[in-house]
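# What the coordinates show
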Amino acid sequence: MSAQQYGHQQPYGQGGGGGGYYNNAEPANPYGYSQQPPPPQQQEQYGAQPPQYSEKPMFDQAFKLERPKYNDLWAAILFLLVCAGFVAVSGLAIHGYVSQKSTYGNGIYDSNSHAGLNTNTIILFAFILAVAIVFSYGYVLVARTFPRTFIWVTGILNIVSGLVTAIYMLYRHYYSGGIVFLIFTIFWILAFISWIPRIPFSALMLKTTVDISKKYGHVFLVSFLAGILGAAFAAYFSVSLVAVYAKYSPNGGNPACSTSGGGCSTGKVTGLLVFLTFASYWISEVLKNVTHTTISGVFGSWYFFHPSEQPRAVTRGALKRSLTYSFGSISLGSLVVAIINFLRQLCSIARRDQMAQGDMFATILLCILGCLIGILDWAVQFLNRYAFSYIALYGKGYIAAAKDTWTMIKQRGIDALVNECLLGPVFSMGATFVGFACALLAHLYLEFTNPAYNSTGAYTPVVDAFAFLIGLQICNIFTTPLSSGIDTIFVAAAWDPAKLMQNHPELYQEMVRVYPQVQNAIHA
């Protein structure tokens, strides 16, 4: 690729920044679709005289938006309205719960209410939150400390946990569930065996991401704070979930039905739970993707600029852009994923219910449906990850960014690298393991405490499913910064592969060593 393909670009503000960065010149387009240019610092490699600056640029100067605008503003407004609705519903439900708290007990065993979930369940969710935080942070800590063995540990843990769950269910005579988990375990074993040849390249990319995270920006601090925010929201959601059951369930002569906030009915409980569950998915996705775009700004700065010319305040600048100009685009992309995940959650609850009833045929059908929804979720998540990395650096709207990113990845051949890297599936397997651990804890807790509201076992599938959701989402938030770094490196390599060889030749040579085909995907 020649320098003329990008057009001649004037540096932003002579004498006011360290490496080159955007101005308003539009590049020539070698691919036939709309794209923003990478930082014009690349002119140095073609022999152009690099501009001289008195100090390093800030992030918003290094990745200057030509025409700043609030993209997809309607999605941001809709998201804020949903958040307001969530707070209103939970406020009414919690008020009704508190007003009759003596009915629902103050501990694990002191409630005889049959109306619905009670204090016993809140204590359960507190345990689940603790387990999810400890497991998720420990999982990230293992990735940071032992990046090369991390992939093996994840694969083995998932296989073992799946096998133990299958054996336990068969032992308890849940034959339909045990058979389903046994089939899944066999699939995981076969998949993991097929992944073994790709582990060296994946381990290299994870090690690179960890090394960059230790030196640039505040990646691990962002990871920790995002995880804490995710856990805080999960706690709020857990209390709201219990409060809705306690306030609006018509079973067992519920005394809360006479308090302010509306009467009780099964339809009202179902409708409010549907809204709260969908809203929780959307809010969690927005939190995860704001984290993703923030970290993408850090890794984009590392990629496009020489280590001695790194922009200043990249974490703060990337976060500011994520919460302003790009927030609507993040809300829109997160909405799509939230809808898919919500449908998968409904399918999971139905499958667990049929499993508890011993209906093998319905369980298998719902399992197949869940797999199809999971494939759709994977495809959308795959596109979103790279689109959000692009949005972090270039500030486009969601639809335009998704189209440009997909076309660029296919035409550049970066999809071969993406397929070779296992870290996306590995992080998903890790989050699934944490989710299963939380669901298993919930299942055992309900069996051993035997609360009055669950004397028939009717609430077991629901509580297990929400425990799984909490563990899954918290772990996803904790691991987002690591996966974001890898995604950004791939996107940046597709936009300007020469920068990898110019600024980070050691990484390029190591990538060629473990995966020689990388030379076909990354070339100037």
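What you are looking at is a predicted structure, and each value in this text was computed from that prediction instead of being measured. (Residues numbered from 1 in each chain as written. Predicted model: local features only at pLDDT ≥ 70, side-chain atom pairs only at ≥ 80, totals over all residues. Heavy atoms only, no water.)

### What to know about the overall build of the protein
Selection criterion: Where helices and strands are cited, they refer to DSSP runs of H or I of at least four residues and of E of at least two residues respectively, numbered from the N terminus. What makes two residues a contact is simply this: any of their non-hydrogen atoms within 4.5 Å. Shrake-Rupley sampling with a 1.4 Å probe provides the accessible areas, and residues are treated as covered by the protein chains on show and by no other component.
Regarding its fold elements, the protein presents 19 helices and 0 strands. Across the protein, every contact between residues at least 6 apart in sequence was considered, and the portion connecting residues at least 24 apart equals 80%. Roughly 21000 Å² of accessible area belongs to the protein as shown, and the carbon and sulfur atoms make up 67% of that amount.

### Section: empty space enclosed by the protein
Inclusion rule: Only protein atoms enter the 1 Å grid, on which a cavity is a set of points fitting a 1.4 Å probe that cannot get out and a pocket is an open set with protein on both sides within 12 Å along at least 5 of 7 lines, lining residues being those with an atom within 4 Å of a point. Grid points are joined across faces, edges and corners, and a volume is the space filled by probe spheres set on the points. Under the scheme applied here, ten amino acids are nonpolar (Ala, Val, Leu, Ile, Met, Phe, Trp, Tyr, Cys and Pro), four are charged (Asp, Glu, Lys and Arg), and all others, including Gly, are polar.
In this structure the tally under the stated criterion is 1 cavity of 30 Å³ or more. Of the volumes computed, that of the largest cavity is approximately 90 Å³. Every element with two or more residues in the lining of the largest cavity is listed here: helix H8 (219-248), helix H9 (266-304) and helix H16 (460-495). With 5 residues, H16 is the single largest residue contributor to the lining of the largest cavity. Residues that form the lining of the largest cavity fall into these classes: 8 nonpolar, 4 polar and no charged.

### A few points about the packing of aromatic side chains
Quick reminder of the rule: Note on aromatic contacts: the rings of Phe and Tyr and the six-membered ring of Trp form a pair at centre separations within 6.5 Å, being stacked when their planes are under 30 degrees apart, edge-to-face when over 60 apart, and tilted otherwise. When accessible area is computed with a 1.4 Å probe and restricted to protein chains, residues below 20% of their type maximum are described as buried, those above 50% as exposed, and intermediate ones as partly exposed. Counted as over-ring charges are cases with an Arg CZ or a Lys NZ within 6 Å of the ring centre that also lie within 35 degrees of the ring normal.
With the rule as written, the count across this model stands at 28 aromatic pairs. Measuring from centroid to centroid gives 5.3 Å for Phe59 and Phe63, while their planes differ by 40°, and the two rings are tilted. Side by side, Phe59 and Phe63 carry an identical accessibility label, which is buried. Among the aromatic residues, those joined into a ring-pair cluster are Phe59, Phe63, Tyr303, Phe304 and Phe305. Above the ring of Phe220, the side-chain terminus of Arg144 is found at 3.7 Å from the ring centroid.

### Observations concerning the layout of surface pockets
There is about 650 Å³ of room inside the second largest pocket. Lining the second largest pocket are 30 residues, and of these Met169, Tyr174, His443, Thr460 and Asp464 sit closest to its centre. When contributions to the lining of the second largest pocket are tallied by element, the ones reaching two or more residues are helix H5 (147-171), helix H11 (327-357), helix H15 (423-449) and H16. Here the lining of the second largest pocket takes 8 residues from H15, the largest share from any one element. Each residue belonging to the lining of the second largest pocket can be placed in one class, and the counts come to 16 nonpolar, 10 polar and 4 charged.

### Remarks on H8
Rules: Expected span of a helix, by definition, is 1.5 Å for each gap between consecutive residues, and there is one gap fewer than residues.
Over its 30 residues, H8 runs 43 Å from end to end, which matches the ideal 44 Å to within 8%, given 1.5 Å per residue. Within H8, 21 of the 30 residues are buried, which leaves it mostly tucked inside the rest of the structure.

### Looking at the environment of Ile368
Tracing the chain through its elements places Ile368 in helix H12 (residues 360-394). By relative accessible area, which is 46% here, Ile368 ends up partly exposed.

### Observations regarding the side chain of Asn71
Its place among the elements puts Asn71 in the loop between helix H1 (59-62) and helix H2 (73-99). What makes Asn71 buried here is its relative accessible area of 8%. The contacts of Asn71, once residues within four sequence positions are left out, are Tyr325, Gly328, Ser329, Gly395, Lys396 and Gly397.

### Comments concerning the confidence of the model for the protein
Just so we agree on the cut-off: Every residue carries a pLDDT, the predictor's confidence in it, which falls somewhere between 0 and 100.
Confidence along the protein averages 78 in pLDDT terms, with 81% of residues attaining 70 or more. Between residues 1-53, whose pLDDT stays under 50, and residues either more than four places distant or in other chains, the model counts 136 contacts.

### Topic: a nonpolar patch on the surface
Put simply, the rule is: Two distance rules govern patches: like charges are joined within 9 Å, and nonpolar side chains (Val, Leu, Ile, Met, Phe, Trp, Tyr) within 5 Å, applied only to residues with over 30% relative accessible area and no salt bridge. Whenever Lys or Arg places a side-chain nitrogen within 4 Å of a carboxyl oxygen from Asp or Glu, that contact is recorded as a salt bridge.
A surface patch of nonpolar side chains, amounting to about 1100 Å² of accessible area, comprises Tyr175, Ile179, Ile183, Met360, Phe361, Ile364, Leu365, Ile368, Leu369, Leu372 and Ile375. Mapped onto the nonpolar patch, the elements with two or more residues apiece are helix H6 (175-195) and H12. Broken down by element, the nonpolar patch gets its largest block of residues, 8 residues, from H12. Here Leu369 shows up in helix H12. Taking the relative accessible area as the measure of exposure, Leu369 reaches 39% and is therefore partly exposed.

### Here's the deal with the side chain of Ser213
Tracing the chain through its elements places Ser213 in helix H7 (residues 199-215). With residues up to four places along the chain from it excluded, the contact list for Ser213 reads Val219, Phe220 and Phe299.

### Notes on the pattern of salt bridges
Tallied over the entire structure, the rule returns 6 salt bridges. The shortest N-O distance in the salt bridge between Asp211 and Lys207 comes to 3.1 Å. Of this pair, Asp211 and Lys207 are both found in helix H7, 4 residues apart, which corresponds to roughly one turn of the helix. Under the relative-accessibility criterion, Asp211 is labelled partly exposed at 29%. Residue Lys207 is classed as partly exposed on the basis of its relative accessible area of 30%. Between Asp487 and Arg385 there is a salt bridge, with its nearest N and O atoms 3.0 Å apart. Taken together, the positions of Asp487 in helix H16 and Arg385 in helix H12 put the pair 102 residues apart, joining distant regions of the chain.

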